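# What the coordinates show
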Amino acid sequence: MQKPNVSKSPKWLPVGLPVMLCLLLFASILTVTILSSNIIYPQLIFRTTSSTVGISQDPFGFPHSLQNQISGLQRQMGILLEQLHGASPESEALTKFSDQLLHIAIALDKFVEALSGFYGSSPTGELHNYTAPKPNRFIGKKNFLGVESINPSVGLPCASMASNVDRFMSYKVYRTCPDDWDVAQKLMISGCDPLPRRRCFSKTPPRYSKPLPTNSSLWSQPSDINILWSHYKCKYYSCLVSNKTIGKRGFFKCSNCFDLSKRGWEIQMNKSTSAEFTIDDVLRMKPGEIRIGLDFSSTTGTFAALMKERNVTIASATLNLGAPFNEVIALRGLLPLYLSIDSRLPFFDNTLDIIHSTLFLDGWIGIELLQFVLFDWDRVLRPNGLLWVDRFFCKRDDLKMYLDEFSRLDYRKLLWRVVPKTDKMEDECYFSAVLEKPLRS
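One structure accompanies this document, and this report is about it. (Residues numbered from 1 in each chain as written. Predicted model: local features only at pLDDT ≥ 70, side-chain atom pairs only at ≥ 80, totals over all residues. Heavy atoms only, no water.)

With that settled, the discussion passes to the sheet that holds strand β6 (residues 313-318). The strand order across the open sheet formed by 7 strands is β7-β6-β5-β8-β9-β11-β10, and the pairing between neighbours is mixed. Strand pairing shows two members of the sheet lacking a second neighbour, β7 (335-338) and β10 (412-421), which therefore form its edges. Neighbour-to-neighbour, the strand axes of this sheet turn through a mean angle of 15°, independent of strand direction. Across 4 bridges, the pairing between β6 and β7 is parallel. Following the sheet pairing, A317 is matched in β7 by L337. Each of β5 (292-296), β8 (352-358) and β9 (381-395) touches helix α12 (residues 367-380); the most contacted strand, β9, lies at about 155° to it. The sheet strands contacting helix α13 (residues 399-407) are β9, β10 and β11 (428-436), and the helix crosses β9 at an angle near 175°. (Pairing = 2+ DSSP bridges. Helix = DSSP H or I, 4+ residues; strand = E, 2+ residues; numbered from the N terminus. Axes fitted to C-alpha atoms, helices over the stretch in contact; angles between N-to-C directions. Contact = heavy atoms within 4.5 Å.)

Below is the structure:
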């Protein structure tokens, strides 16, 4: 009896190979798609009050994880192609599949070449020296933090501004740093925060004099010689407060914040026209409980000075937006916190008694950013701590949208006021509130 003629697959070609090839092909495309879809291509332009300064967006260093994944896929495809073309074709379908696999392999090569060109090279020079892991003195042993090496932190968007970060890191080690804090601030505002540390000495005012004692520094005008004026429009302090220099000072967010007096806090108590609350009214809500806090405003520290007179320690978070805000805060004997709006607050959870913000967060801010800011403030406020929103202003049509976001925090409303903003012809409103953080289990 003749055995039936059953065709056998060649030894080099398992019966399930077409299925395996399809799965491999699908996995390859899926892997490359997922990995490449997580790449961010930020496009940011920075402007100053005096000129337009572009921070160029340079390519990322090509991620090793993506490179290794694609290289592995290329090797597997190469082996399969060699097997397919090195044996006698058994069918037209298999030959056609082999050709299609070849085209995909070529396309994958081109994709890698394009990505490599976009991503560029890895950090070099002092930037590389900073970002490289720093092993402990005794190799292989963990330190008190529980790690064998320290990986210096740097903001993710720094990678998209490689040439500017490289310029910032171009200096002579153990020599005086370039006078380039304005470049550093532009990088910070664009998300390159934290910046890399540097191994050079900061430039100082050449004739720096000792600061005034605490009992007189709070309300005294700082000496001009204690400030480096090179990157400001004003070159002396009187320029910051003179009526003759209005519109030419280089800053605009607060018109009289360099006038170091208490006049701005002599508040009209007409509730129908004033959106302001007095410090004493707020402190009376928590007698003896408010000890430490944060002021996130365009400020020279006046709120912190008034709170200091009431035995409350306040850190003042601000940038040098066209004027020496941080220098003046420090010269008054107060604590400046040089921080951008997109940075996570450097405080632990549930630690601050109060957060105050005035004339900083307003109608310019998008809802998603506002949410991240508010939740970070909530993180650092202690239970029953106070969030003091002081004169948040926006278009009347946008008011409900913003009020809804503050209401979603589910804080208890201790004070709440909305009044028309009358200093401009536009239809705007002021909103002020003192809110109490609830206990959460």
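From this point, the discussion proceeds with the structure in view.
This structure, assessed with the given rule, holds 2 cavities of 30 Å³ or more. Empty space within the largest cavity amounts to approximately 60 Å³. Forming the boundary of the largest cavity are S357, T358, L359, F360, L361, L374, W377, V389, D390, R391, F392 and F406. Secondary structure elements with two or more residues in the lining of the largest cavity: β8, α12 and β9. Of all the elements, β9 adds the most residues to the lining of the largest cavity, at 4 residues. (1 Å grid on protein atoms, 1.4 Å probe; cavity = no way out; pocket = protein on both sides within 12 Å on 5 of 7 lines; lining within 4 Å. Points joined across faces, edges and corners; volume = space filled by probe spheres on them.)

In this structure the tally under the stated criterion is 18 salt bridges. Close ionic contact of R199 with E126 constitutes a salt bridge, the shortest N to O distance being 2.7 Å. Residue R199 is found in the loop between α6 (181-189) and α7 (214-217), and its partner E126 is found in helix α4 (residues 125-131); the two are separated by 73 residues along the sequence. Given the relative accessible area of 46%, R199 is considered partly exposed. Notably, a salt bridge pairs K421 with E428, separated by 3.5 Å at the nearest N-O pair. By relative accessible area, which is 10% here, E428 ends up buried. (Salt bridge = Lys/Arg side-chain N within 4 Å of Asp/Glu carboxyl O. Buried < 20%, exposed > 50% of the residue type's maximum accessible area, 1.4 Å probe, protein only.)

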